[in-house]
Amino acid sequence: MATQPTHDDSLPPPEAHKTVLFCPECGHRSPITGDWDVTTTSTERLLVCTGCGAVVDRRSESLETA
Ligand SMILES: [Zn+2]
């Protein structure tokens, strides 16, 4: 008996799914595939801000093992 609305404003537009990272130090903003300086260690991949050198993202390389 409940009628579902045909539109839902809570759904973000598709573009919102693109991952954008922010530098907490200088506010630089770029997509995860953008102009970050990628540093790979034996266990991690670091995304480093090209503006101030802060580590913006850190993820385990093991998660990407094919
Ligand atoms: Zn920065």
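Residues numbered from 1 in each chain as written. Predicted model: local features only at pLDDT ≥ 70, side-chain atom pairs only at ≥ 80, totals over all residues.

*Asks:* So what's going on with the overall build of the chain? Which residues, and what values?
*Replies:* A tally of regular secondary structure across the chain gives 0 helices and 5 strands. For the chain, the N- to C-terminal ordering of α and β elements is β-β-β-β-β. Taking all 66 residues of the chain together, 8% fall into the buried category. Considering only residue pairs separated by 6 or more positions, the chain has 25% of its internal contacts joining residues 24 or more positions apart. (Helix = DSSP H or I, 4+ residues; strand = E, 2+ residues; numbered from the N terminus. Buried ≥ 20, exposed ≤ 12 C-beta atoms within 10 Å, placed from the backbone. Contact = placed C-beta atoms within 7 Å.)

*Asks:* Can you explain the environment of T50? Please cite residues and give values.
*Replies:* Summarising the element assignment, T50 is placed in the loop between β4 (44-48) and β5 (55-60). For the pair formed by T50 and W36, sequence separation is 14 residues and the distance between their alpha carbons is 5.9 Å. Setting aside residues up to four positions removed in sequence, T50 forms contacts with D35, W36 and D37.

*Asks:* An account of the pairing of β4 is requested, with residue identities and associated values reported.
*Replies:* Sheet topology places strand β3 (residues 37-40) next to β4; 4 bridges connect them, and they run antiparallel. What sits directly across from T39, in β4, is L46. Taking the residues that link successive antiparallel strands as the turn, the β3-β4 hairpin has 3 residues. Connecting the antiparallel pair β4 and β5 is a turn made up of 6 residues, with G53 showing a positive phi of about 85°. (Pairing = 2+ DSSP bridges.)

*Asks:* Kindly report on the sheet that holds β3, identifying the contributing residues and their values.
*Replies:* Within the open sheet, the 3 strands sit side by side as β3-β4-β5. Their pairing is antiparallel. The open sheet is flanked by β3 and β5, the only strands paired with a single partner. Neighbour-to-neighbour, the strand axes of the sheet open up by a mean angle of 20°, direction not taken into account. The pairing of β4 with β5 spans 5 bridges and is antiparallel. (Axes fitted to C-alpha atoms, helices over the stretch in contact; angles between N-to-C directions.)

*Asks:* Break down the nonpolar core for me, with residues and values.
*Replies:* Membership of the largest hydrophobic core is limited to 5 residues, which are C23, W36, L47, C49 and V56. Residues in contact with C49, not counting those within four places in the same chain, are C23, E25, C26, H28, W36, A54 and V56. (Core = buried A, V, L, I, M, F, W, Y, C linked by C-beta atoms within 7 Å.)

Honestly, that's just the spatial picture; any functional story needs more than this.
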